[in-house]
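Inside the fold
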Amino acid sequence: MVQGRTDTMMPTASIQAYVRRLGDMATYAEVPGGHFAFLDHHEKCRQAISTWLRQSEK
């Protein structure tokens, strides 16, 4: 899960709780921005996803 730190539509506490419930099936990454972080901070989102992909290969 990639989420904007200041997302007011999907509170970070709710998403973090969801990720904890999923356990090993999910990873949480927080980036600058709000609900549209993928548009406003696409490079930070790309970095978070790239990092997760590299870690998943191991």
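To be clear, the structure that these remarks concern was listed above.
Owing to the predicted nature of the structure, the values given are computational and were not obtained by experimental measurement.

**Things to note about the overall build of the protein**
Looking only at helices and strands, one finds three helices and two strands in the protein. Each helix and strand of the protein, placed in order from N terminus to C terminus, yields the pattern β-α-β-α-α. Relative to the 2.2 N^0.38 estimate, which gives 10 Å for 58 residues, the radius of gyration of the protein is 11 Å and therefore close to what a compact globule would have. For the protein, the C-alpha atoms occupy an extent of roughly 35 × 25 × 10 Å along the three principal directions. A total of 58 residues make up the protein; the buried ones form 24% of that total. The long-range fraction of contacts in the protein, counting pairs at least 24 apart against all pairs at least 6 apart in sequence, stands at 52%. Accessible surface for the protein amounts to roughly 4,400 Å². Of this, 58% is attributable to carbon and sulfur atoms. Measuring between centres, the 7 positive side-chain charges of the protein sit 4 Å from its 6 negative side-chain charges.

Conventions used here
- Residues numbered from 1 in each chain as written.
- Predicted model: local features only at pLDDT ≥ 70, side-chain atom pairs only at ≥ 80, totals over all residues.
- Heavy atoms only, no water.
- Helix = DSSP H or I, 4+ residues; strand = E, 2+ residues; numbered from the N terminus.
- Rg over C-alpha atoms; globule rule 2.2 N^0.38 Å.
- Buried < 20%, exposed > 50% of the residue type's maximum accessible area, 1.4 Å probe, protein only.
- Contact = heavy atoms within 4.5 Å.
- Areas by Shrake-Rupley, 256 points an atom, 1.4 Å probe, with all protein chains shown as cover.
- Lys, Arg positive; Asp, Glu negative; His and termini not counted.
- Charge placed at Lys NZ, Arg CZ, Asp CG, Glu CD.

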